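Here is what each chain is made of, one letter per residue.
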Amino acid sequence: MRRRTRAYVGVIAAAALLASAACSSPSASDSASTAAAGDRTIRPVEGCGVKSWTNPKDLSPNRAPARCLPGSPPPRPLAEPRELTIATGTLSAEYVAPLQVALDKGEFKKEGLDVTLKVLPTPDALPLLAKGDIDALWAAPEAAVMNGVKGGFDIKWVAGNFSPDPKSKSGLWVRLQEGESANRVAMAGRRLGTMIGKGSVIAYPMEQALEKHGGGLADIQYQQLGSADVLTALQNGGVDSAWLLDPVWRKVDGKGGYAFLGGQPRGEPLGGMLYGRTLLQDDVDAGVALMRAYIRTVNSYFTSDYKQDASFVTYLAELLEAEESILESTPPLRMDWEIRSGTTTRLQAAYEAQGVAEGSPLPESRTVDRRLYEEAVGHQP
């Protein structure tokens, strides 16, 4: 059984992060790997055509995510095998499923990558990523990440993870008080249970939901909880509201006394893969190979209706150690490796509203690098 580790991401840790790591990493094993992503030759990729890339400026909620044919992009095994470690806050959430499936189905191995998934809270992972002690982080561009980059960490968001299905109610849930309804909730002063606390990417969509209910990011109280404790705290009254992910929200959906106030914007991933200097500069070949394996896994196993396959749902439930009945009762995530324009700008504005942003906002050129997934699918910018 895999241990489920509490994922603590606090901006309080940012100061320690800034002082704890230098941005050094091992050298690549061949000269081609040292070419920065912008200096590399982009070639057409079999099975990845015009639908394998979409304009990042397209923010429409009903936009179709990029896709290649199943099995694409095809593997291009590295000349020398690499051992890579990807840190993640949990192994049980559905948004981690592409990594779990890629590992289980041997998609990483096809690229010559020996990948280890390591459960590690983001504050602990950031300095390790900056130093090259781990190679990638499956998380999000949270306030701690932004503050770390401002302090000198060479870390960028290089691939998205998912956006919600229109039928999903993953997001902000509240226990209704007497006289309240889903259309009228007084959120000011309420206690919010969350795995992250202040500085999480949920600040951006949460701000939109709170504005409709007489509250703001600075008007609520945050209670940081372990991933297994958020729902329990909401149910037993330990907190007044909580951010519930797929498929956890199904446990309160339709029950009296609870209301869904809003969730992640449709068509806009808010997390995914973060790389440090190792895969951004020193070993770009491995960085692109990892991207190929991830994208191929999405194209091969996570179609728009992947939950219509009962055997695959059973497989996912076993892999994620989740309840199959709950997993199949929620709509599929829209797995999406692309990053929309302006997302980190909007996130930083929300962090500033929470009072957890340090210094001036970073331009997108300092926070995002789309070139690795573009190379993986053969898109010429």
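To be clear, the structure that these remarks concern was listed above.
Criteria and cut-off values
Residues numbered from 1 in each chain as written. Predicted model: local features only at pLDDT ≥ 70, side-chain atom pairs only at ≥ 80, totals over all residues. Heavy atoms only, no water. Pairing = 2+ DSSP bridges. Helix = DSSP H or I, 4+ residues; strand = E, 2+ residues; numbered from the N terminus. Axes fitted to C-alpha atoms, helices over the stretch in contact; angles between N-to-C directions. Phe/Tyr/Trp six-rings, centres within 6.5 Å; stacked < 30°, edge-to-face > 60°. Buried < 20%, exposed > 50% of the residue type's maximum accessible area, 1.4 Å probe, protein only. Disulfide = S-S within 2.5 Å.

As a further point, take the sheet that holds strand β9 (residues 241-244). Read across the open sheet, the five strands follow the order β8-β7-β9-β6-β10; overall the sheet is mixed. Two strands lie at the open edges of the sheet, namely β8 (221-224) and β10 (258-263), each paired on one side alone. Averaged over neighbouring strand pairs, the angle between their axes works out to 30 degrees when direction is ignored. Here strand β7 (residues 191-194) runs beside β9; their pairing, made up of two bridges, is parallel. Residue G193 lies in a different strand from β9, and its bridge partner there is A242.

Of note, the amide linkage connecting S72 to P73 takes the cis form, showing an omega dihedral of -5 degrees. Counting through the fold element by element, P73 comes out in the loop between α1 (14-20) and β1 (82-88).

All told, the structure shown has eight aromatic pairs when counted by the stated rule. Ring geometry for Y306 and F312: centres 6.2 Å apart, planes at 90 degrees, overall edge-to-face. What makes Y306 buried here is its relative accessible area of 2%. Pairing F312 with Y315 gives two aromatic rings, centres 5.8 Å apart and planes at 35 degrees, and the pair type is tilted. Here Y315 and F312 lie together in helix α10 (residues 310-320), a separation of three residues that amounts to about one turn.

The next subject is the state of the cysteines. Evaluated as defined, the whole model comprises one disulfide. Covalent S-S linkage joins C48 and C68, the inter-sulfur distance amounting to 2.1 Å. Its torsion about the S-S bond being 105 degrees, the disulfide of C48 and C68 is classed as right-handed. Linking C48 in the loop between α1 and β1 with C68 in the loop between α1 and β1, this pair joins segments that are 20 residues apart in sequence. Judged by relative accessible area, which is 9%, C68 ranks as buried.

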